[in-house]
Amino acid sequence: MIEEVDVVVIGGGATGAGTLWDLALRGIDAVLIEQHEPGYGTSGRNHGCLHSGGRYLVKDPELALECYRENQILRQVAGAAIEDTGGLFAHIKSDEQDYVRRWVDNAHRIGLPVEEVSATEARNMEPILSSEVDRVFTVPDAAVDPFDLIYMNLQGAVQKGARFMTETRVKELLIRDGRVQGVLAEDIRTKEVHEFRCRAVINAAGPWVGIIASLAGISLELTYGKGSLLVHATRLAQRQINRLRSPSDGDVLMPGKTVCLFGTTDIHIDNPDDTVTWADEVKSLIEMERPIFPDLPEMRVLRTVTGVRPLYTPGAAGTAERDANRGHAVINHGARDGVGGFFTIMGGKLTTYRLMAEQVVDEVARELGVTVACKTAETPLAGLSIGNARNFLETKAICECEQVTEDDLLTAAIFLDKVRSGGIRRMTRLGLGPCQGTLCIWRGALYLYRKGLLTDQECLTFIEESLDERWKGNRGVLWGDQIRQAELERGIYRGIYGSEGD
Amino acid sequence: MLPVNGIEHCLKCSICHAACPVARANPNYPGPKILGPDRGRFMMNKSGKTVPEVEWCTNCQRCEVACPHGVETASLIRALKQEALHEKKHYWRDLLMGYPHILGQLGTAFSPIANFMLGSPIGRSMTAQMMALAPDSSLPAYAGRSFQSWHRGQGHTASSNKVVYFVGCFANYNRPEIGQALVALLKLLDIDVIVPKQVCCGVPLLSNGFRDRALKLMSYNVQNLLPYVKQGYSIICSCPSCGLALKKEYGRELGTSEAARVGAAVYDSSEYLDIYGQALEEHLSAQSWRLTYHQPCHSLAQGIGTPSLSLLRKIPGVQVSFVDGCCGQSGTYGLKEEKSGVSRQIGRQLIEAITDQKPDLVATDCGTCSLQLSRLSDLPVEHPLVLLEKAARGAAAGLGDRYRPAV
Amino acid sequence: MRYDTVICGAGLAGITAALVSLSHGKSTAVVARGESSLYYMSGYLDLCGNGDNPWNAIDDLAHANPAHPFALSDAKEKSEALAFFVEQTSPGYPYAIPVDSRNHLVPTCTGGIRHTYLLPANAGADGLADRGRRVRAIGFTDYRDYSAQLMVDRLNKKGYSWTAAEVESGCSKVSQTSIDLASYLDDDYPALIDKLRPVVKDCDCLVFPAVLGFKKHRVIVEAIRDAFGTAVFEVPTLPPSLPGMRLSSALISRLRGLGGDLFWGFPATADNSAGDRCTGLIVDTPGRPRLIEGENYILATGGIAGGGALVERERIRERVFGLPVETYGTTDERFLFGEQGFARSGIRVDSDMRPIGPDGKIIYKNLFCAGRALAGYDPFTEYDGAGVAIVTGYQAALAAIRRWD
Ligand SMILES: Cc1cc2nc3c(=O)[nH]c(=O)nc-3n(C[C@H](O)[C@H](O)[C@H](O)COP(=O)(O)OP(=O)(O)OC[C@H]3O[C@@H](n4cnc5c(N)ncnc54)[C@H](O)[C@@H]3O)c2cc1C
Ligand SMILES: Cc1cc2nc3c(=O)[nH]c(=O)nc-3n(C[C@H](O)[C@H](O)[C@H](O)COP(=O)(O)OP(=O)(O)OC[C@H]3O[C@@H](n4cnc5c(N)ncnc54)[C@H](O)[C@@H]3O)c2cc1C
Ligand code: SF4
Ligand code: SF4
């Protein structure tokens, strides 16, 4: 099947989804293609801090300012995905003292509103903080739910006529006469191939941008760093808490909805698909929690999450990972490599996804001769009609831990082009709570089956895939309550399935 | 906020839900798992709303006993109740019923009037209407003389073995016979009984969400009991709810070492007598009773096993069977107009189990359980202490009187 | 009071042991932190293996793995244990030993097929043995944990020809678990029968999700049978498991009836002060700890899920006595149902069910161990959960009694 469209966006992370929304607002006909489900990549595997910029004040004041500006904009236009938690920067006695001065100076310089609170007050605000903390500042950090954010962008774009496809992988770029003519994309299950004829392709494939570029014979200077996070079962802090020191591993405790995330590590890897959390990463994260959050290591850990950062290092191979450029890059491959109509947007932050989208769409619009200016900074995105009820007493809950209702599942299933475990999970939070799907995977799959949205075989596949996906996050944290949970889960699903299985 | 009451340990297995008598009887009650650890987790991010349904929890604590993973569901629900306090529909009624010792003082002082209000058809319907009670609720009648006042008139024995008795409102104002039986039984063992100043244990307030007020009563009791505990005396409770509160809730809610110290000295009356089981046995005369013993939820929740059962089994000739379950009364819960339906529904299941055993007599340690059981069945219901004392007296009288509301 | 036997844990293993002890006239106390794995499990009591012949499966297992708990008893002892157990269930919730000593073939709620050994006696015999049987699977439109249609869809692809029908249960609970439905039916099963009338036709057997009442189960099953003249079979769903609860409550009332004492609701740790003998269990009860003393002790606290084994980051700890835990390191990275080493971890015992250390030496002379707490097996890959619990519970109690005599 061949479809015509102005622009193909590759990648359903925050950047891709934001790009689709931006294109739609400018009236450019576009389709987004995602190999798994939106949020599968780094956008679904991070802290979810809506950075105020505080973290980059000393190292990269420019990036700090960019974050701060975007932070302010997103609060206006994407409020439904954001919780104004506020943030603290907490300094521990043994960390470098002089850093505090430089940090405060730069905050004043770029106009970031920071305010010092006494350590005692801070510990009243956040009892999880260590008594070793001596200086604490508040900053306007916030929490952003990356899944809500992505699906809100997609929802907005779809309402304006854009399309998106999940579980469809771009396999080939069609290039003729030095211009991209289209893409071939394949359904990852059925292997059905879709051809899109288009005038421009935006490569927003996150850590996979290099692979997409190579489809056009282009090589990008990329290195990869993986970062792992521990997801704690309950919300142990109300605010984002950053360790006030030169950015390093294990600096941030980030509350998000019902859980909180601690991280990260930063390890060089060669392959963007390498999202396994290593056992010694978990160990070192636990040790990193101790100095600033002494009680945290004893708190239940639900799972680990590992995300991959693509680091674009043109001409600077060999720089230490964390110091590599953390800003973003917009590459017009027509100018750079002689492949017209092909653009790559990469790097950056979740916080700056909108700006990145704006910049790449500016380039594309110029090429397509579209003169409509970017409107994403002024146009509010509607919230998802999912999970907002947060009141299990009104509707029957399928997932009681995260209070995902039948209606939530139905809404997601109708919105998504394919009803698959990944999309349903990320869009609704099904199975993200403490039981990690022990009960709700079965319930959810059954509900979708009964609504005619899954066949009997698909229903079982949904369950198996969900269990295996949850297991991937659990296997690194098999101690305490979580291993009991895993045993219970094994017992229950063994009973449900029987052994002969299917 | 750090996780409390074992929220983190919950595996979402719903064992607690299966153990909850209210969840079984009331379709609108979400049950201990949802209201406890699930809701508690949402409260930690301050996005959780208060839930009016917590009202339905009887605080029987069966959920907590059943949970194999150490989640303190009932405590979590009590905390939710407190948060929802001001949404309470029957705020004043529940508050008033939280002071049984004051009602009791008035009730015993003016017992003819009080018993008219509680016992006669006209009085009952007036009271029920005024108080939003179930029209057919049978409030316990007040005794003409409280246990404490009776006990003041008794001399002390010369024994150097002494225990402190925390009487509890029911035995004090409604059924002094229970306390009198305890005194008599202890006398057989040459143990003297001291009754210090005391007020209600605070459970009625606490389980209705009035935590702050409950704390005041609790502190008062701790102050009055502590000096005796320091001298090494044990504290005996004949009411399982008082006993559980003193042992468990005092230490947790007050959070003081004094409260914990008092708690460590508390014994359920049967738990205490069971220690002297052999000595007591010698005093017990044969009876022909066919008994069914119902263990009150708050006795179960003390983790003491079933000492009343072992004591009753020591009475020669007596056949004792055991039934498991909640009676649904839960203090004043079953009296309340909006709750009495659920309360009865729960109680009926227990009554069925009891009548299956075809007893002549039911034994239970809790005053309000006995109210419910006698309201729902035609069987006489007695406190094990009273039965033991009868057996010890060799009372040929046979059965205990059926407990009746004053008419 | 000093008991002859003190048992820690009130699951299948602990209760079996207690009943053995009581039936030998020993005073017996059971200490349990809470309800057991019976609340989780299907109520299909597996003996061993997922094939027709459990006895062969046992031999294979014991042969391949001499450290397997089944290697500690012969077929005769196992049969005795099962016979004893089944007898204990008969007053409350009777189970039956298969007449041919072979496994039953039963359906699961996804339309899977499994083998199991002991089934409740009123379970309408084999669910799946006879392919020609006209079976009608009944589901409830308002029960979220079960779909009759899904089960039938799947089974029919395996050569059965079942039919499905759904009715509304009428139970309007806000959160509807198996127990909500069962309690509702306890109160109002005649209404269910009326609802079934229009949909029950042309069948010899009715299959339901396992929610047919808790207290009134027997009455409900009989009423359905009488109304329609069919067999009635229950398929387990998510916990809490009604068949497990019924079994648990039947066994516990039997235990009480025989005069056993139960201490519910609080965890125990052992008083190990006397060197090679255990002298008491210290139960963490409100107010102050409670000491429970006995002559012999049986540890039946279950495994990781049951609560007996506490997995820490660096090691696994046995919670009550601090016994050495034999650990198996490997974890299947990809699949939950792969070989998981942690599942085989547990306590190693000698032929008298007494825990031994890595050096093979007995740790406490008067301590015995049974059930999921034992090392060397994984019920979820071997299908021997209930079997091991019952057989080892029986053995441990007999060993304790032998020592006492
Ligand atoms: C551990 C960690 C923590 C972080 N924390 C924060 C934070 O707190 N705040 C913040 O602002 N930023 C944070 N970041 C950075 C932020 O997460 C990323 O910059 C951002 O999510 C990148 O989004 P993206 O859309 O560009 O890429 P991705 O989210 O990775 O999206 C790329 C998508 O492309 C898809 N794709 C790839 N190949 C193909 C193909 N062939 N066909 C179709 N689709 C394809 C992938 O499946 C994927 O969904 C963090 C990063 C890491 C690694
Ligand atoms: C989800 C699940 C499904 C299963 N399905 C099946 C099935 O379909 N068929 C089958 O044959 N088998 C099944 N099994 C396996 C089988 O149920 C168990 O192996 C068996 O019941 C274990 O019995 P147990 O008595 O050894 O331990 P448990 O049943 O786990 O009992 C342990 C007892 O010890 C108590 N306890 C724990 N720690 C302490 C402490 N410190 N102090 C005091 N008490 C304590 C607990 O509260 C509990 O009462 C299943 C198991 C699970 C978990
Ligand atoms: S509180 Fe306990 S019994 Fe209830 S669901 Fe959680 S772990 Fe299970
Ligand atoms: S305390 Fe009793 S009524 Fe309240 S939730 Fe627990 S079991 Fe139910």
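Residues numbered from 1 in each chain as written. Chains lettered and ligands numbered in written order. Predicted model: local features only at pLDDT ≥ 70, side-chain atom pairs only at ≥ 80, totals over all residues. Heavy atoms only, no water.

Concerning the interface of chain B and chain A
Point 1. Counting from both sides, the interface comprises 25 residues of chain B and, opposite them, 30 residues of chain A.
Point 2. At the boundary of chain B and chain A, one finds 2 salt bridges.
Point 3. In this structure, Arg-41 of chain B engages Glu-402 of chain A in a salt bridge whose closest nitrogen and oxygen atoms are separated by 2.8 Å.
Point 4. For the pair chain B and chain A, the number of links is 12 residue pairs in polar contact (both at pLDDT 80 or more).
Point 5. Class assignment of the residues belonging to the side of chain B that touches chain A gives a composition of 13 nonpolar, 3 polar and 9 charged. (Contact = heavy atoms within 4.5 Å. Salt bridge = Lys/Arg side-chain N within 4 Å of Asp/Glu carboxyl O. Polar contact = N/O pair within 3.5 Å; in protein donor to acceptor, adjacent residues only side chain to side chain. Nonpolar A, V, L, I, M, F, W, Y, C, P; charged D, E, K, R; others polar.)

Some details on the domain arrangement of chain A
All names here are of chain A.
Point 1. Once the domains are mapped, chain A shows domain 1 (2-42 + 147-220 + 323-368), domain 2 (79-141 + 223-310) and domain 3 (397-496).
Point 2. Relative placement of domain 1 and domain 3: their C-alpha centres are 29 Å apart.
Point 3. Counting residues at the interface gives 16 residues for domain 1 and 13 residues for domain 3.
Point 4. Interface of domain 1 and domain 3: buried area, both sides summed, is about 1,200 Å²; carbon and sulfur atoms make up 56% of it.
Point 5. Across the contact surface, domain 1 and domain 3 share 4 salt bridges.
Point 6. Inspection of the domain 1/domain 3 interface yields 7 residue pairs in polar contact (both at pLDDT 80 or more).
Point 7. Those elements that provide at least two residues to the side of domain 1 that touches domain 3 are helix H5 (146-159) and strand E10 (163-165).
Point 8. When residues of the side of domain 1 that touches domain 3 are assigned to their parent elements, the largest contribution, 5 residues, is made by H5. (Domains from an automatic or database assignment. Buried area = accessible area lost by both parts, 1.4 Å probe. Helix = DSSP H or I, 4+ residues; strand = E, 2+ residues; numbered from the N terminus.)

With respect to the sheet that holds strand E3 (residues 234-237) of chain B
Residue and element names in this part refer to chain B.
Point 1. Here 4 strands make up an open sheet; going across it, the order is E2-E1-E3-E4 and the pairing parallel. If you trace the sheet from one side to the other, it starts and ends with strand E2 (192-194) and strand E4 (266-268), each paired once. Between one strand axis and the next, the sheet turns by 40° as a mean value, whatever way the strands run.
Point 2. In terms of strand pairing, strand E1 (residues 162-166) meets E2 through 3 bridges, oriented parallel. When the sheet's bridge partners are listed, Val-164 is paired in E2 with Ile-194.
Point 3. Its contacts with the sheet place helix H14 (residues 211-230) against E1, E2 and E3, and it is angled at close to 170° to E1.
Point 4. Sheet strands in contact with helix H15 (residues 240-254) are E1, E3 and E4, and its direction is about 155° off that of E4. (Pairing = 2+ DSSP bridges. Axes fitted to C-alpha atoms, helices over the stretch in contact; angles between N-to-C directions.)

Regarding the domain arrangement of chain C
Residue and element names in this part refer to chain C.
Point 1. By the assigned domains, chain C splits into domain 1 (2-95 + 245-404) and domain 2 (109-235).
Point 2. For domain 1 versus domain 2, the distance between C-alpha centres works out to 32 Å.
Point 3. Counting residues at the interface gives 26 residues for domain 1 and 18 residues for domain 2.
Point 4. Around 1,800 Å² of area is buried between domain 1 and domain 2 when both sides are counted, 58% of it from carbon and sulfur atoms.
Point 5. Three residues stand out in domain 1 for area buried against domain 2, namely Tyr-44, Tyr-95 and Arg-246, and they jointly supply 36% of the buried area on that side.
Point 6. Scanning the region where domain 1 abuts domain 2 turns up 2 salt bridges.
Point 7. Glu-234 is the salt-bridge partner of Arg-246, the closest N and O atoms lying 2.8 Å from each other.
Point 8. At the boundary of domain 1 and domain 2, one finds 12 residue pairs in polar contact (both at pLDDT 80 or more).
Point 9. Breaking the side of domain 1 that touches domain 2 down by element, the ones donating at least two residues are helix H2 (54-64), helix H3 (75-89) and helix H7 (242-257).
Point 10. Of the residues that constitute the side of domain 1 that touches domain 2, the class distribution is 15 nonpolar, 8 polar and 3 charged.

Remarks on the site of ligand 3
Residue and element names in this part refer to chain B.
Point 1. Contacts to ligand 3 come from 13 residues, most closely from Cys-10, Cys-13, Ser-14, Cys-16 and Cys-67.
Point 2. Mapped by element, the contributors of at least two residues to the shell around ligand 3 are helix H1 (15-19) and helix H3 (32-43).
Point 3. Tallied by class, residues from the shell around ligand 3 come to 8 nonpolar, 3 polar and 2 charged. (Near = heavy atom within 4 Å.)

Things to note about the interface of chain A and chain C
Point 1. Between chain A and chain C, the residue contacts involve 45 residues of the former and 54 residues of the latter.
Point 2. Between chain A and chain C, the buried area comes to about 4,600 Å², and carbon and sulfur atoms account for 56% of it.
Point 3. In this assembly, chain A and chain C are joined by 8 salt bridges.
Point 4. Residue Arg-313 of chain C is joined to Glu-298 of chain A by a salt bridge in which the shortest nitrogen-to-oxygen separation is 3.8 Å.
Point 5. Linking chain A with chain C are 22 residue pairs in polar contact (both at pLDDT 80 or more), by the criterion used here.
Point 6. Those elements that place two or more of their residues in the side of chain A that touches chain C are helix H7 (279-292), helix H12 (440-450), helix H13 (456-474) and helix H14 (480-497) of chain A.
Point 7. The biggest single contributor to the side of chain A that touches chain C is H14 of chain A, with 15 residues.

Here's the deal with the pairing of strand E5 (residues 113-116) of chain C
All names here are of chain C.
Point 1. Side-chain alternation along E5 places Ile-113 and His-115 on one buried face and Arg-114 and Thr-116 on a second face that is also buried.
Point 2. Sheet topology note: the strand E4 (residues 104-107)/E5 ladder contains 4 bridges and is antiparallel. What sits directly across from Pro-107, in E5, is Ile-113.
Point 3. Counting the residues between successive antiparallel strands, the hairpin from E4 to E5 contains 5 residues, one of them, Gly-111, with a positive phi of roughly 80°. (Buried < 20%, exposed > 50% of the residue type's maximum accessible area, 1.4 Å probe, protein only.)

Examining the environment of Thr-28 of chain C
All names here are of chain C.
Point 1. Considering the arrangement of structural elements, one finds Thr-28 in strand E2 (residues 28-32).
Point 2. Thr-28 sits 230 residues away from Leu-258 along the chain, and the two C-alpha atoms are 9.5 Å apart.
Point 3. When near neighbours in sequence (up to four residues on either side) are disregarded, Thr-28 contacts Tyr-3, Thr-5, Ile-7, Ala-18, Ser-21, Leu-22, Gly-260 and Asp-261.
Point 4. There is a polar contact of 2.7 Å between the side chain of Thr-28 and the side chain of Ser-21.

Section: the site of ligand 4
All names here are of chain B.
Point 1. Looking at ligand 4, there are 13 residues lining it, with Cys-20, Cys-57, Cys-60, Gln-61 and Cys-63 nearest.
Point 2. If you list the elements that add at least two residues to the shell around ligand 4, you get helix H2 (21-25) and helix H5 (73-83).
Point 3. The residue inventory of the shell around ligand 4, partitioned by class, reads 10 nonpolar, 3 polar and no charged.

Thoughts on the packing of aromatic side chains
Point 1. All told, the structure shown has 19 aromatic pairs over all chains when counted by the stated rule.
Point 2. Plain terms: the ring middles of Phe-164 of chain A and Phe-415 of chain A are 5.2 Å apart, the flat faces sit at 40° to each other, and that makes the pair tilted. Within this pair, whereas Phe-164 of chain A is found in strand E10, its partner Phe-415 of chain A is found in helix H10 (residues 406-415), the two being separated by 251 residues in sequence. Grouping residues by exposure puts Phe-164 of chain A and Phe-415 of chain A together as buried.
Point 3. Measuring from ring centre to ring centre gives 6.0 Å for Phe-321 of chain C and Tyr-364 of chain C, while their planes differ by 50°; the resulting arrangement is tilted. Here the residue Phe-321 of chain C occupies a position in the loop between strand E16 (316-318) and helix H8 (341-344), and Tyr-364 of chain C occupies one in the loop between H8 and strand E17 (367-369), the gap between them amounting to 43 residues. Each member of the pair, Phe-321 of chain C as well as Tyr-364 of chain C, carries the same accessibility label: buried.
Point 4. One aromatic cluster is present, built from ring pairs that chain together Phe-89, Trp-103 and Phe-137 of chain A.
Point 5. The aromatic ring of Trp-278 of chain A is capped on one face by Lys-226 of chain A, whose charged end is 3.7 Å from the ring centroid. (Phe/Tyr/Trp six-rings, centres within 6.5 Å; stacked < 30°, edge-to-face > 60°. Lys NZ or Arg CZ within 6 Å of the ring centre and 35° of its normal.)

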